[in-house]
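# Chain and residue survey
The primary structure of each chain is shown beneath.
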Amino acid sequence: MRLPISAKGVLIRRGRVLLLKNERGEWELPGGRLDEGETPEETVVREIREETGLLVSVISLVDAWVYRVTRSERVIVLEYSCRMKGNGAVTISREHSEHTWLRPADLRREPLPEGYRRGIRRALAGWRKPGSH
């Protein structure tokens, strides 16, 4: 079985995580599928710029998991901890209906796949380590 790959970015600002609302009414991390010839790291940088207008750099891979999008569609999700460059003003694309900077304590109350929650926790743990950022 071959599965498409989606590279997602965990962006943290003032202790909050950027999430975008998709067409299924779920919150998700910004990012998307690889284009021909791209690395996952290049994909996450490109997709975040396209979806939010933000410029980022990749810090590290924080999680990898298989997401069941629909009954018949699955995708491998690679989650990267990312650092924003610039002022952090978000301008979302037409792919999403809204965005939010959510406190980690509020994640469990929102419609968000568990795999994203796990990757966010891992990224936050890295941000909290002394000298990590």
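Structure first, text after, so check above.
The structure displayed is predicted, hence computed values, not measured ones.

### A word on the overall build of the protein chain
Within the protein chain, the secondary structure is distributed over 2 helices and 7 strands. On C-alpha atoms alone, the protein chain measures out to a radius of gyration of 14 Å, which is about the 14 Å that the 2.2 N^0.38 rule sets for 133 residues. By its C-alpha atoms, the protein chain is 40 × 35 × 30 Å across when sized along the principal axes. For the protein chain, buried positions account for 44% of its 133 residues. Across the protein chain, contacts joining residues at least 24 apart in sequence account for 65% of those joining residues at least 6 apart. With an accessible surface of roughly 7,400 Å², the protein chain has 48% of that area assigned to carbon and sulfur atoms. Between the mean site of the 25 positive side-chain charges and the mean site of the 19 negative ones, the protein chain shows a separation of 7 Å.

### Considering the environment of threonine 91
If you trace the backbone, threonine 91 turns up in the loop between β6 (74–85) and β7 (98–102). With 40 residues separating them in the primary sequence, threonine 91 and glutamate 51 have C-alpha atoms 7.6 Å apart. The residues touching threonine 91, leaving out its near neighbours within four places in the chain, are Glu51, Thr52 and Gly53.

### Focus on the side chain of serine 93
When you line up the elements, serine 93 lands in the loop between β6 and β7. Residue class for serine 93 comes out buried when judged on its relative accessible area of 18%. For serine 93, the contacting residues outside a window of four places in its chain are Glu50 and Glu51.

### A closer look at the pattern of salt bridges
Using the criterion set out here, one finds 15 salt bridges in the structure. A salt bridge links arginine 117 to glutamate 114; the nearest nitrogen and oxygen atoms lie 3.8 Å apart. Placement of both arginine 117 and glutamate 114 in helix α2 (residues 114–128) is noted, with a separation of 3 residues, approximately one turn of the helix. You can call glutamate 114 partly exposed: its relative accessible area is 44%. Glutamate 114 is the partner of arginine 121 in a salt bridge, and the nearest nitrogen-oxygen pair spans 3.3 Å. By relative accessible area, arginine 121 is classed as partly exposed at 45%. Connected through shared salt-bridge partners, Asp35, Glu38, Arg46, Glu47 and Glu50 make up one network.

### Thoughts on the nonpolar core
Val10, Val17, Leu19, Leu29, Leu112 and Ile120 are the most contacted members of the largest nonpolar core, which totals 19 residues. Contributing elements (two or more residues each) for this core: β1 (5–13), β2 (16–21), β5 (55–68), β6 and α2. The element that contributes the greatest number of residues to this core is α2, accounting for 4 residues. Once residues lying within four places of it in the same chain are set aside, the contact partners of valine 17 are Val10, Leu11, Ile12, Leu29, Thr100, Trp101, Leu102, Ile120 and Leu124.

Cut-offs applied
- Residues numbered from 1 in each chain as written.
- Predicted model: local features only at pLDDT ≥ 70, side-chain atom pairs only at ≥ 80, totals over all residues.
- Heavy atoms only, no water.
- Helix = DSSP H or I, 4+ residues; strand = E, 2+ residues; numbered from the N terminus.
- Rg over C-alpha atoms; globule rule 2.2 N^0.38 Å.
- Buried < 20%, exposed > 50% of the residue type's maximum accessible area, 1.4 Å probe, protein only.
- Contact = heavy atoms within 4.5 Å.
- Areas by Shrake-Rupley, 256 points an atom, 1.4 Å probe, with all protein chains shown as cover.
- Lys, Arg positive; Asp, Glu negative; His and termini not counted.
- Charge placed at Lys NZ, Arg CZ, Asp CG, Glu CD.
- Salt bridge = Lys/Arg side-chain N within 4 Å of Asp/Glu carboxyl O.
- Core = buried A, V, L, I, M, F, W, Y, C linked by side-chain atoms within 4.5 Å.

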